[in-house]
There are 2 protein chains.
Amino acid sequence: MNQISIAPSAIPSTEHPLDAAELEQLDAYWRACNYLAAGMIYLIDNPLLKEPLAPEHIKQRLLGHWGASPGLSFMYVHLNRIIRKLGQQAIFLAGPGHGAPGVLAPLYLEGTYSEVYPDKSEDEEGMRRFFKQFSFPGGIGSHCTPETPGSIHEGGELGYSISHAFGAAFDNPDLLVAVAVGDGESETGPLATAWHSNKFLNPARDGAVLPILHLNGYKINNPTILSRISHEELEQLFRGYGWTPYFVEGDDPQHMHRAMAATLDACVARIHEIQAQARSGSEPVSRARWPMIVLRSPKGWTGPAEVGGNPVAGTWRAHQVPLAGVRENPEHLQQLEAWLRSYRPETLFDDDGRLVEQLRALSPQGNLRMGSNPAANGGLLRRDLRMPDFREYAVDVAQAAAHKAWNTRPLGELLREVMARNGENFRVFGPDENTSNKLDAIYAASRKLWLADYLPEDDLGGELSPDGRVMEMLSEHTLEGWYEGYILTGRHGFFSTYEAFVHVIDSMYNQHAKWLAICNEIPWRAPIASLNMLITSTVWRQDHNGFTHQDPGFLDVVVNKNPEVTRIYLPPDANCLLVTADRCLRSRNNINVIVSDKQQHLQYLNMDAAIKHCAKGVGIWDWASNDQGCEPDVVMVGCGDIPTQEALAATAMLREHFPDLKVRFINVINLFSLQPEGEHPQGLSDRDFDSLFTLDKPIIFNFHGYPWLIHRLAYRRTNHGQLHVRGYKEKGNINTPLELAINNEIDRFSLVIDVINRVPHLKVAGAHVKEKMRDLQSECRAYAYQHGIDLPEVRDWTWPG
Amino acid sequence: MNQISIAPSAIPSTEHPLDAAELEQLDAYWRACNYLAAGMIYLIDNPLLKEPLAPEHIKQRLLGHWGASPGLSFMYVHLNRIIRKLGQQAIFLAGPGHGAPGVLAPLYLEGTYSEVYPDKSEDEEGMRRFFKQFSFPGGIGSHCTPETPGSIHEGGELGYSISHAFGAAFDNPDLLVAVAVGDGESETGPLATAWHSNKFLNPARDGAVLPILHLNGYKINNPTILSRISHEELEQLFRGYGWTPYFVEGDDPQHMHRAMAATLDACVARIHEIQAQARSGSEPVSRARWPMIVLRSPKGWTGPAEVGGNPVAGTWRAHQVPLAGVRENPEHLQQLEAWLRSYRPETLFDDDGRLVEQLRALSPQGNLRMGSNPAANGGLLRRDLRMPDFREYAVDVAQAAAHKAWNTRPLGELLREVMARNGENFRVFGPDENTSNKLDAIYAASRKLWLADYLPEDDLGGELSPDGRVMEMLSEHTLEGWYEGYILTGRHGFFSTYEAFVHVIDSMYNQHAKWLAICNEIPWRAPIASLNMLITSTVWRQDHNGFTHQDPGFLDVVVNKNPEVTRIYLPPDANCLLVTADRCLRSRNNINVIVSDKQQHLQYLNMDAAIKHCAKGVGIWDWASNDQGCEPDVVMVGCGDIPTQEALAATAMLREHFPDLKVRFINVINLFSLQPEGEHPQGLSDRDFDSLFTLDKPIIFNFHGYPWLIHRLAYRRTNHGQLHVRGYKEKGNINTPLELAINNEIDRFSLVIDVINRVPHLKVAGAHVKEKMRDLQSECRAYAYQHGIDLPEVRDWTWPG
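About the criteria used
- Residues numbered from 1 in each chain as written.
- Chains lettered and ligands numbered in written order.
- Predicted model: local features only at pLDDT ≥ 70, side-chain atom pairs only at ≥ 80, totals over all residues.
- Heavy atoms only, no water.
- Helix = DSSP H or I, 4+ residues; strand = E, 2+ residues; numbered from the N terminus.
- Expected span 1.5 Å × (residues − 1).
- Buried < 20%, exposed > 50% of the residue type's maximum accessible area, 1.4 Å probe, protein only.
- Domains from an automatic or database assignment.
- Contact = heavy atoms within 4.5 Å.
- Salt bridge = Lys/Arg side-chain N within 4 Å of Asp/Glu carboxyl O.
- Polar contact = N/O pair within 3.5 Å; in protein donor to acceptor, adjacent residues only side chain to side chain.
- Axes fitted to C-alpha atoms, helices over the stretch in contact; angles between N-to-C directions.
- Parallel < 35°, antiparallel > 145°, perpendicular 65-115°, else oblique.
- Nonpolar A, V, L, I, M, F, W, Y, C, P; charged D, E, K, R; others polar.

## Quick word on helix α20 (residues 641–657) of chain B
Move 1: Counted at 1.5 Å a residue, the expected span for α20(B) with its 17 residues is 24 Å, and the 25 Å between its end C-alpha atoms agrees.
Move 2: Along α20(B), 13 of the 17 residues are buried, which leaves the element largely enclosed by surrounding structure.

The following block contains the structure:
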């Protein structure tokens with residue numbers, strides 16, 4: 001076993017930036033933070049310790065995490081010093097989980113907390129309320145939740161602090177995004193790759209990210225990996241990631257204040273130097289070796305050194321609440337009182353509970369306070385996009401289902417124009433697939449951002465540039481994190497990704513949806529741009545990539561979240577996709593999921609029809625129906641591009657074989673229209689639903705995704721008993737598109753058989769047609785098998801005959 | 001912009017290990033691989049080029065990825081050399097996506113492919129079939145799918161090659177796991193953190209992992225990050241990760257063969273040295289700086305240098321099919337022929353299409369061939385676990401619902417005993433939470449594995465050891481990857497993780513489920529141990545962690561996959577959890593998801609009753625029902641620990657207020673019992689379902705997860721119209737457990753109101769009880785709010801009065 005010993009780091013060779021008086025003040029401010037952090041974990045009363053501490057002053061249930069708090073406050077107060085000194089615009093992201101006390105404390109001291117929540121005023125009663133609400137029923141959480149002023153990063157799930165920070169810094173040239181990175185979260189995959197974000201930050205036009213890796217040493221019950229490798233390895237790792245690490249290590253506050261102040265001075269000076277050089281225009285912009293800080297300080301720093309004979313500060317025992325059972329155990333109560341008094345609260349707060357005047361001077365003023373910086377309440381800065389007229393990119397559709405086009409190409413043109421008109425306010429994100437997704441028109445407006453090294457042949461493609469705003473990296477986590485950070489700070493964007501692997505970011509979707517759901521209830525949080533995701537390269541064209549690439553289940557994850565936030569659209573053709581994208585780009589506080597394949601598809605609606613159809617979200621396609629003026633015998637539904645095509649083909653075949661059969665054809669774009677209006681704001685009323693889908697006629701619903709999702713949405717509808725859904729049911733391997741459709745029974749032939757089975761008067765009369773369908777199915781399967789051929793077109797329903 | 005130029009690496013200073021004849025043979029073998037790889041992408045006929053190439057010899061649809069293939073084969077043939085030379089046990093994992101041609105080719109040449117698939121024989125006709133099937137309808141995929149002999153890693157989704165490799169190496173002391181890591185996948189988060197797995201590999205008892213980072217240079221349309229940072233940074237990065245990198249760089253095959261052979265010799269010698277020292281017992285085991293290889297070779301190496309004036313080999317254009325439209329474009333056809341002939345197939349294969357004799361000698365023999373190593377068909381090596389009698393850990397339940405116990409503690413004892421009896425065959429995985437999850441009894445049988453540095457105080461806890469088999473790292477991705485690799489190579493394990501964040505590995509779950517679904521159809525793949533996941537720290541006890549930690553939606557992801565694979569259990573108490581865990585640990589080729597909270601809960605069933613109840617998976621609890629001998633008025637269902645408790649409390653209150661009301665109480669453990677038997681092998685027949693749930697009586701179903709999931713499973717059941725489900729509906733923040741239950745209406749009071757609303761004769765008679773319930777609800781809410789108190793117990797239904 002290798003044993004390590006850790007010596008305090010040397011103070012950088014700049015002159016000591018703190019004189020004794022400054023140091024004493026900074027330390028006092030930090031003591032005030034630590035006092036508040038401990039106070040909010042323990043106290044419901046006696047906030048200023050004016051009386052001896054008694055059991056009734058202590059919360060019944062002790063919650064919260066002391067371990068990371070002192071370190072977070074330490075960073076915060078030192079950042080305050082830089083902000084004051086330089087007038088630096090800065091925000092702070094706290095990566096470590098449950099570290100909120102270390103952030104809430106300085107927010108309260110700087111006054112922003114009381115401004116936003118006047119009942120948590122800067123006096124004794126306000127402090128009492130401030131303490132009580134923490135991790136208390138009806139109060140606030142132990143993460144930096146949306147209720148926390150200055151927060152764009154909750155930190156409830158670990159791993160996204162760095163990518164969020166970079167998203168915030170992009171196109172924010174004057175902003176310094178300081179981000180505390182936990183050594184626990186550093187073990188997660190998303191965090192481990194996000195360090196490479198420095199290859200995507202342009203010092204001339206973007207702000208700076210200053211990571212402060214907090215080597216606190218422990219997770220809940222284990223040491224952390226990064227705190228237990230050699231100093232040499234740690235330094236190599238970060239140099240290898242392209243950073244210039246500065247180390248601040250030790251436990252003596254005096255030493256640490258000096259070291260941190262000097263190091264921050266050096267780092268910020270270096271940042272400004274890099275920026276000044278890049279902005280001078282004297283040479284082409286290149287990647288910088290940005291500074292970062294490794295802060296190694298004891299977990300639970302300044303807290304109890306020992307409890308019941310066990311060391312606490314500096315160990316995993318300091319992770320949560322270092323002293324338990326304080327109400328019952330007089331010894332612990334006494335120890336808590338001694339601990340709290342060790343911060344000398346009487347020297348920090350006046351009799352009314354207000355921070356003493358000379359310490360108040362240590363806080364930045366106004367919007368320079370990190371809790372008040374508008375970048376962290378991005379809706380305040382959000383400007384509507386300058387939108388082109390999407391009609392200009394319309395596909396010409398003289399006749400429905402008569403020709404094919406790439407559905408996503410016109411969208412690429414729309415995005416190009418949005419990009420061109422909204423220079424520093426809009427970015428497009430995608431993992432190496434924008435060309436494959438046929439969105440490559442955007443490169444005419446902006447190239448792919450690339451700040452790693454170039455080879456001579458790169459100029460051939462001409463798509464890479466240090467000035468690009470198309471963000472491509474093979475990490476869905478990093479892209480999603482950047483995008484969230486970008487819109488949380490007031491900008492706009494668009495994300496396209498492969499359907500099967502969007503599950504990689506299920507959990508990030510969940511967290512962002514929850515963030516938005518809470519924001520909707522916070523009046524001071526201004527609405528931000530929606531998160532727009534194009535899910536493409538979809539299941540029905542994953543015939544040759546095979547089984548692993550067939551998974552339309554992201555929608556099942558999406559629907560579980562708050563209906564005020566969630567939106568799902570499945571435009572069947574290029575014009576509907578354009579209308580949908582326009583709508584999504586204009587919306588706010590939603591997560592818009594658009595499902596559209598990247599291949600060529602039949603076109604159905606001209607632009608006028610598309611606009612009307614999309615406005616309703618669901619509707620009868622008269623040209624494909626023959627039930628005009630009467631009740632249909634059957635309702636055929638298509639939802640999604642390929643399922644719509646197959647449903648239309650089935651309808652055409654039905655008309656041929658059963659000219660008297662009344663078929664109503666419905667297309668569903670807006671998936672939530674299926675849900676009752678009381679459950680989702682986009683849900684159809686029962687009356688509208690019933691008039692579309694009838695009260696009792698068979699509905700054959702051909703769906704893009706897993707079929708059960710439709711039942712989940714529509715099970716309350718009157719005619720649910722007659723709803724028969726086809727969709728993907730995990731039947732696939734290396735197939736032709738047609739065979740994949742047949743195996744999952746979404747193909748035209750299966751649908752015709754479905755109709756015959758469900759419409760009472762066809763059961764006997766249709767027997768021979770069923771037979772014929774089965775023959776055609778196997779004929780086509782064999783033919784396609786031989787020729788690897790695509791799905792037949794609607795008009796080719798007799799194909800291959 | 002930084003421009004880089006790359007010079008060929010120096011050959012390591014060991015003597016040149018290849019004489020001219022050996023080099024020529026090795027190169028010929030590699031040419032044979034490349035010929036086969038190109039052949040399977042292009043040819044459906046004329047496999048040996050006995051005639052001039054004609055359009056009809058070419059596949060209609062050209063699929064597959066040439067780019068990575070030559071590099072993969074290069075690694076494979078050099079590994080073969082080491083295996084032969086040293087008699088080394090080895091398997092090979094191909095991380096890069098779509099690289100299958102580079103692996104299939106040497107599998108065919110070594111003979112394993114023809115042994116497993118006799119129609120792909122080692123002759124001209126066999127080769128023709130071998131070519132045709134590739135990425136062809138009804139054939140095989142372009143990843144190393146389960147159909148590929150020797151594969152435990154499909155590579156369809158990027159990011160898990162390293163963690164799979166480590167899982168395979170654990171407790172396999174003689175095995176070398178060589179793993180090709182794509183530079184594309186290296187950008188993913190899961191891959192970026194998996195490099196730290198070297199802190200968890202014990203050289204004394206585990207095998208070795210030899211990563212070969214393939215700096216191919218390009219993804220689909222972009223350069224890769226790791227290929228575009230300086231050599232110095234790259235080296236620092238991997239040294240920082242704790243590896244010793246060796247570089248093999250260049251494009252001249254002669255040079256590269258020499259460099260690769262010398263480097264592999266050096267790496268394997270170093271591995272054996274590390275192992276010998278660790279196994280000598282002369283000093284305590286410590287972490288090794290294992291060797292790894294960085295192989296920088298051109299993308300599409302040996303393929304067309306230029307097509308239509310554009311450079312191809314060495315660029316992103318070589319990613320997929322370098323020559324398109326070969327059937328139509330005579331120039332391309334000619335170029336393809338020249339390319340194929342450049343490998344001189346006539347010198348490689350005899351007239352019958354069989355590899356010539358002197359090259360056959362280059363392949364290892366029998367099970368030393370990487371395609372035949374039984375470690376890659378782990379079911380062959382799998383031994384049943386030596387299981388203790390789970391009854392020994394039973395909780396004593398003299399009376400149902402009379403006392404509380406920690407549900408997961410006895411499971412911890414069971415796992416401890418399983419661990420003790422199955423030394424090198426069983427590991428437990430969890431992200432830093434086994435103690436928090438009350439499974440810490442296991443540490444008595446095995447400590448947590450830790451090979452990073454130690455501090456003196458670590459001995460205090462006594463839970464860390466270089467010899468532990470409890471795997472804890474704060475990366476669900478890495479744990480899941482290790483666990484999959486471990487069972488795919490024939491061993492057993494158990495994984496526990498927090499419910500809200502299991503979504504982090506949704507996509508890994510999907511891929512493993514798909515892998516198993518395919519394996520079930522491959523006769524030569526022997527069944528492996530099931531993947532067992534305990535989902536704990538569940539939504540209903542995430543009152544203080546708050547909204548972000550409330551997400552029971554993993555089950556919605558689970559149910560979409562193949563029913564032969566998926567299993568979900570929600571045991572209501574400790575004894576049911578023991579029975580369930582025992583069953584899961586004995587099962588094969590399933591993914592077993594067990595949902596059980598880690599807190600104290602009421603206990604209901606003694607061990608005999610639990611065994612019977614779990615065998616059925618769903619059943620009436622007579623002691624809680626009063627409908628004996630008649631049809632009930634209402635069916636009350638509990639599914640999950642807390643929902644069952646609340647449903648029972650509601651039942652007790654109903655009995656008090658409406659003594660004549662006949663209530664049937666059902667508990668559901670096996671979630672899939674709700675699905676029709678035709679849809680899931682565990683589904684109840686309609687007859688059984690109807691007899692339990694009645695044909696027409698109201699069912700109040702109190703569910704652990706999102707309520708819609710129950711409708712998705714049961715919508716085909718006769719009585720679905722009367723099924724009313726309660727569950728989590730995203731109503732939460734910082735609450736008391738009771739308030740969280742009330743907000744989502746799964747609490748006892750809401751359930752009583754539900755019954756009154758649904759049972760016709762109670763609608764009037766029950767009005768005052770509804771009133772009373774509402775009063776109690778708000779009284780309790782206020783009381784709990786004040787006192788932060790837990791959910792009341794069943795018998796305390798009048799609480800707090």
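## Describing the domain arrangement of chain A
Residues and elements named next belong to chain A.
Move 1: Once the domains are mapped, chain A shows domain 1 (22–376), domain 2 (390–602) and domain 3 (618–795).
Move 2: Relative to domain 2, the C-alpha centre of domain 1 lies at a distance of 35 Å.
Move 3: Every contact between the two is made by 38 residues of domain 1 and, on the other side, 33 residues of domain 2.
Move 4: For the pair domain 1 and domain 2, the number of links is 3 salt bridges.
Move 5: The residue Arg 427 makes a salt bridge to Asp 206 at a minimum N-O spacing of 3.0 Å.
Move 6: Linking domain 1 with domain 2 are 21 residue pairs in polar contact (both at pLDDT 80 or more), by the criterion used here.

## Points about the packing of helix α1 (residues 20–42) of chain A against helix α9 (residues 253–279) of chain A
Residues and elements named next belong to chain A.
Move 1: The geometry of α1 relative to α9 is characterised by a closest axis approach of 10 Å and an angle of 105° between their N-to-C directions. Judged by the inter-axis angle, α1 sits roughly perpendicular to α9. Mapping the contact onto sequence places Leu 23, Leu 26, Asp 27 and Trp 30 in α1 and Pro 253, Gln 254, His 257 and Arg 258 in α9.
Move 2: Split by residue class, the contact of α1 with α9 holds 4 nonpolar, 2 polar and 2 charged.

## A word on unusual backbone geometry
All names here are of chain A.
Move 1: The phi angle at Leu 49 is positive, at roughly 55°, despite the residue not being glycine.
Move 2: Structurally, Leu 49 is set in the loop between α1 and α2 (69–86).
Move 3: One non-glycine residue, Asn 589, lies in the positive phi region at around 55°.
Move 4: For Asn 589, the position within the fold is in the loop between α18 (574–586) and β16 (591–595).

## Structural notes on the side chain of A:Thr497
Residue and element names in this part refer to chain A.
Move 1: Structurally, Thr 497 is set in strand β13 (residues 492–498).
Move 2: Residue Thr 497 is classed as buried on the basis of its relative accessible area, which comes to 1%.
Move 3: In this structure Thr 497 touches Pro 431, Glu 433, Glu 476, Val 502, Leu 534, Ile 535 and Thr 536, once residues within four positions along its chain are discounted.

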